[in-house]
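Each chain, letter by letter, is given below.
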Amino acid sequence: MFNLKTVLPLAAALFLSVAGAHATVRTETGLTESAAGKSETYRLNVPTEKEIATTQIRLVVPVGVVISRFQVTPGFTRTVKKDAAGLVTEVVWKGRVAPMEYARFFFQAKNPAAAGEVVWKIYQTYSDGSVVAWDDTNPAEGPASRTTVK
């Protein structure tokens with residue numbers, strides 16, 4: 001016999017994992033929060049949600065986040081843009097993520113010194129040239145990923 005107290009939370013978690021299948025930035029362990037000033041390994045998770053391949057992922061680095069290094073991602077080339085102070089402001093990965101696949105891009109960064117919310121803007125380009133903006137331009141369809149810095 002099924003226990004509703006067990007089944008309902010599991011069903012809700014399954015629904016949220018499917019509904020939340022957007023480009024997201026989380027800590028290496030999958031959390032959406034981290035400590036102020038902490039050095040953290042982050043993962044950018046990018047699923048292909050169309051019937052065509054993803055060919056490029058662009059991440060705009062939030063102000064106050066200082067990226068120090070990247071993990072090599074086989075099959076992808078990476079370029080970075082830096083500001084006058086030498087801080088990484090944007091990262092672009094080019095490669096191929098086929099339909100029904102996802103890619104993870106790991107990087108190390110130091111969180112802002114002050115508590116607050118970090119908003120990660122991600123732009124996913126498909127093989128037909130279309131771009132999906134995960135930047136809150138249209139929050140219902142393209143929510144930006146967030147990290148709470150405490």
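Residues numbered from 1 in each chain as written. Predicted model: local features only at pLDDT ≥ 70, side-chain atom pairs only at ≥ 80, totals over all residues. Heavy atoms only, no water.

- As annotated in an unreviewed UniProt entry, the chain carries the name YncI copper-binding domain-containing protein and is attributed to Deinococcus sedimenti.

## A few points about the overall build of the chain
Step number 1: Helix and strand counts for the chain stand at one helix and 11 strands.
Step number 2: Its helices and strands taken in sequence order, the chain reads α-β-β-β-β-β-β-β-β-β-β-β from the N to the C terminus.
Step number 3: Going through the 150 residues of the chain one by one, you find that 35% of them count as buried.
Step number 4: Per element, the accessible surface of the chain, about 8900 Å² overall, is 58% carbon and sulfur. (Helix = DSSP H or I, 4+ residues; strand = E, 2+ residues; numbered from the N terminus. Buried < 20%, exposed > 50% of the residue type's maximum accessible area, 1.4 Å probe, protein only. Areas by Shrake-Rupley, 256 points an atom, 1.4 Å probe, with all protein chains shown as cover.)

## Let's talk about the nonpolar core
Where a protein is soluble and globular, its nonpolar side chains tend to be buried together.
Step number 1: If you look at the biggest cluster of nonpolar residues, it comprises 26 residues, and the most contacted ones within it are Leu44 and Phe107.
Step number 2: Those elements that provide at least two residues to this core are strand S3 (39-47), strand S4 (54-60), strand S7 (88-97), strand S8 (102-110), strand S9 (116-126) and strand S10 (131-134).
Step number 3: Not counting the four nearest positions on each side in its chain, leucine 44 is found in contact with Thr24, Val25, Ile57, Leu59, Trp93, Ala103, Arg104, Phe105, Phe107 and Ile122. (Core = buried A, V, L, I, M, F, W, Y, C linked by side-chain atoms within 4.5 Å. Contact = heavy atoms within 4.5 Å.)

## Concerning the environment of threonine 137
Step number 1: Structurally, threonine 137 is set in the loop between S10 and strand S11 (145-149).
Step number 2: Taking relative accessible area as the criterion, threonine 137 reaches 65% and is therefore assigned exposed.
Step number 3: For the pair threonine 137 and lysine 121, spaced 16 residues apart in sequence, the C-alpha separation works out to 9.9 Å.
Step number 4: A distance of 2.5 Å separates the side chain of threonine 137 from the side chain of aspartate 135, its partner in a polar contact. (Polar contact = N/O pair within 3.5 Å; in protein donor to acceptor, adjacent residues only side chain to side chain.)

## Looking at the sheet that holds S8
Step number 1: Read across the open sheet, the four strands follow the order S1-S3-S8-S5; overall the sheet is antiparallel. A strand with exactly one partner marks an edge of an open sheet, and here the two such strands are strand S1 (24-27) and strand S5 (66-70). Strand after strand, the sheet turns through a mean of 35° between neighbouring axes, direction not considered. (Pairing = 2+ DSSP bridges. Axes fitted to C-alpha atoms, helices over the stretch in contact; angles between N-to-C directions.)

## Points about the pattern of salt bridges
Two side chains of opposite charge can pair, provided their charged atoms sit close to one another.
Step number 1: By the definition in use, this model includes six salt bridges.
Step number 2: The salt bridge involving glutamate 90 is made with lysine 81; its shortest N-O contact spans 3.7 Å.
Step number 3: In this structure, arginine 146 and aspartate 136 form a salt bridge, with 2.5 Å as the shortest nitrogen-oxygen distance. Taken as a pair, arginine 146 in strand S11 and aspartate 136 in the loop between S10 and S11 lie far apart in primary sequence, 10 residues in all. (Salt bridge = Lys/Arg side-chain N within 4 Å of Asp/Glu carboxyl O.)

## A short note on the packing of aromatic side chains
Step number 1: Applying the stated criterion across every chain, the model contains six aromatic pairs.
Step number 2: These aromatic residues form a ring-pair network of at least three members: Phe70, Phe76, Trp93 and Phe105.
Step number 3: Against the face of tyrosine 126 rests lysine 50, its NZ or CZ located 4.6 Å from the ring centre.
Step number 4: Here arginine 58 stacks its cationic end above the ring of tyrosine 123, 4.3 Å away from the centre of that ring. (Phe/Tyr/Trp six-rings, centres within 6.5 Å; stacked < 30°, edge-to-face > 60°. Lys NZ or Arg CZ within 6 Å of the ring centre and 35° of its normal.)

## Examining the side chain of glutamate 90
Step number 1: Tracing the backbone shows glutamate 90 in strand S7.
Step number 2: According to the relative accessible area criterion, glutamate 90 is buried, its value standing at 14%.
Step number 3: Within the structure, the side chain of glutamate 90 is placed 3.2 Å from the side chain of arginine 58, a separation counted as a polar contact.
Step number 4: Ignoring any residue separated from it by four or fewer positions in sequence, one finds glutamate 90 in contact with Arg58, Leu59, Val60, Val61, Thr79, Val80 and Lys81.

## Notes on the environment of isoleucine 122
Step number 1: Checked against the element boundaries, isoleucine 122 lands in strand S9.
Step number 2: On the accessibility criterion, isoleucine 122 (0% relative accessible area) is buried.
Step number 3: When the C-alpha positions of isoleucine 122 and glutamate 90 are compared, they lie 9.9 Å apart, and in sequence the two are 32 residues distant.
Step number 4: Residues contacting isoleucine 122, with those up to four places away along its chain left out, are Ala23, Thr24, Val25, Leu44, Ile57, Arg58, Leu59, Val132, Ala133, Trp134, Asp135 and Ser145.

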